Amino acid sequence: MVTSTVEKLSPTRVKLHITVSPEELKPSIQHAYEHIAQDVQVPGFRKGKVPAPIIDQRVGRGAVMEHAVNEGLDTFFRAAVAEHDVKMLGRPAADIVEWPNEKDFSGDLIVDVEVDVRPEFEIPDYESLTITVDAAEVEDAALDEELDRLRARFGTLSPVDRPAAKGDFVELDMVATIDGAEIDRAEGVSYEVGSGELLPGIDEAIDSLTAGEDTTFRSTLVGGDHAGEEAEVSVSVKAVKERELPEADDDFAQMASEFDTIAELRDSLREQVESRGAFSQGSAARDKLIETLLEKVEIPVPAQLIEDEVHSHLEGENRLEDDVHRAEVAEASEKQFRTQMLLDAIAEKLEVQVSQDEFTQYLIQMSGQYGMAPQQFIEALQQGNQLQAVIGDVARNKALAIVLGKVEVVDSNGKAVDLSGFAATDDDTEAEEAPETSTEEAPAAEEKPKKSRAKKAAPAEAAPAEAAPAEEAAAEEKPKRTRKKKTEEPAAE
């Protein structure tokens, strides 16, 4: 039989002591013989049919034992993790303390596995919390700005005989050279002065130029074969045009919208601005709730987990020697991992599950953000073993939505804030529980999903792009042995 105990080394690290009896190791040994038989070539025996005594003679029982342990170790480790409910973080490291006897495979296999774990902590009381966010008041200036944006869509451009200014449209001819060699040319380019959508430095270069004038400036190219290189850019202003906006009257309202009067149009625009303000309030309430909960609880994060994340992030940016940025990334990573662990604990306490429909909708939403087709996005996640991590993201979002529905959220004027789309209502949390989604059933399901327990919530907090949720990432890791191999791997003859 397989027996195991767990030893707590620190609040964030444990050691699993695993003992495997010869009977439990026997299937792995049998499979080792079968696998090695596929690799070795012995005259007089077909491939895969080499008997065990010949393998013992040609390869050695040490190699067989090595193969068997390598194969079975992950299974034994996973069983111990499940038995002791270990919340893994990061990569486990295994050390073979005692091997079975090579002569007859008698004796126990004893393994110690150390792994970082999610620390134990008390979830702060959140039902008595009051979260205050800024009031979402629609000022006339904001409403006028919204109306002006709509008027600009229906504006007309008229040539003017004056220097270009911010908001004008100019027609440009441009030539880029590097070391005197022309590498790009564009003619008749229409550009809005001040938009910053062309080249760095273009706005300063053409400011105050009139039609027929030209200038030269240096800029970093943003596209093409020479993207990222600095070039000398010659620009000639062919025309300057001023945008004339239509009058904000009833005629404009009828032309630009479904309304008959400008007053009705302004009321509609006010509702749009208020809607954006409400979304900002919900997002702010969510972020402030997380901040408040994190302030109320101490959640240590394994140092190695942060170090690995920081190294991966800086390596991707080619900034490994940037100590200032390293400190910034370390701080952000620690906060991100603390947030994940807090929400994971809340999700477990609330018994949050992810329905098939929620999982699918989240994948569709994320695939759109990455500019990929849903099926292509799912395949990429499968290849990277990240489907379980995505399920964790959805569960954390649901947990946060439920908690947000239990706290009191008011604005700076003391008015209750509408959290529709962010928080779960009592009806949501009392709804029939949905079937849990696993990675195997994630891509498709035949059964019709039941109503979810909580409304879809906005993502909890953006993690660094390369930071996978800690527990889901750890779930894919196999124990890494720290002891040298007992024998060399068998070589095919």
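The coordinates are above.
Calculation criteria
- Residues numbered from 1 in each chain as written.
- Predicted model: local features only at pLDDT ≥ 70, side-chain atom pairs only at ≥ 80, totals over all residues.
- Heavy atoms only, no water.
- Axes fitted to C-alpha atoms, helices over the stretch in contact; angles between N-to-C directions.
- Helix = DSSP H or I, 4+ residues; strand = E, 2+ residues; numbered from the N terminus.
- Parallel < 35°, antiparallel > 145°, perpendicular 65-115°, else oblique.
- Left-handed = near helix turned anticlockwise from the far one by under 90°.
- Contact = heavy atoms within 4.5 Å.
- Core = buried A, V, L, I, M, F, W, Y, C linked by side-chain atoms within 4.5 Å.
- Buried < 20%, exposed > 50% of the residue type's maximum accessible area, 1.4 Å probe, protein only.
- Phe/Tyr/Trp six-rings, centres within 6.5 Å; stacked < 30°, edge-to-face > 60°.

A. Structural context of the packing of helix H8 (residues 303-317) against helix H9 (residues 323-349). As a packed pair, H8 and H9 sit with axes 9 Å apart at the nearest point and diverge in direction by 130 degrees. Classed by the angle they form, the pair H8 and H9 counts as oblique. The hand of the H8/H9 crossing is right-handed. Contacts between H8 and H9 pair Leu 305, Ile 306, Glu 309, Val 310, His 313, Leu 314 and Glu 317 from the former with His 325, Arg 326, Val 329, Ala 330, Ser 333, Glu 334 and Phe 337 from the latter.

B. Seen up close, the nonpolar core. Formed by 54 residues in total, the largest nonpolar core has its most connected members in Leu 289, Ile 346, Leu 404, Val 407, Val 409 and Leu 419. Mapped onto this core, the elements with two or more residues apiece are strand S5 (130-133), helix H7 (262-295), H8, H9, helix H10 (356-369), helix H11 (374-383) and helix H12 (387-406). At 11 residues, the largest contribution of residues to this core is made by H12. Counting residues in each nonpolar core, the second largest holds 34 residues, with Val 20, Val 50, Ala 68 and Val 113 among its members.

C. Inspection of the packing of aromatic side chains at higher detail. Considering all chains together, one arrives at 4 aromatic pairs under this definition. With centroids separated by 6.5 Å and ring planes inclined at 70 degrees, the aromatic side chains of Tyr 33 and Phe 105 adopt a geometry described as edge-to-face. In this pair, Tyr 33 sits in helix H1 (residues 22-39) while Phe 105 sits in the loop between strand S3 (88-98) and strand S4 (109-117), placing the two residues 72 residues apart along the sequence. Of the two residues, Tyr 33 and Phe 105, both sit in the buried class.

D. Summary view of the environment of Ile 29. Here Ile 29 is to be found in helix H1. Here Ile 29 falls in the buried class, since its relative accessible area comes to 8%. As a C-alpha pair, Ile 29 and Gly 72 span 43 residues in sequence and 9.0 Å in three-dimensional space.

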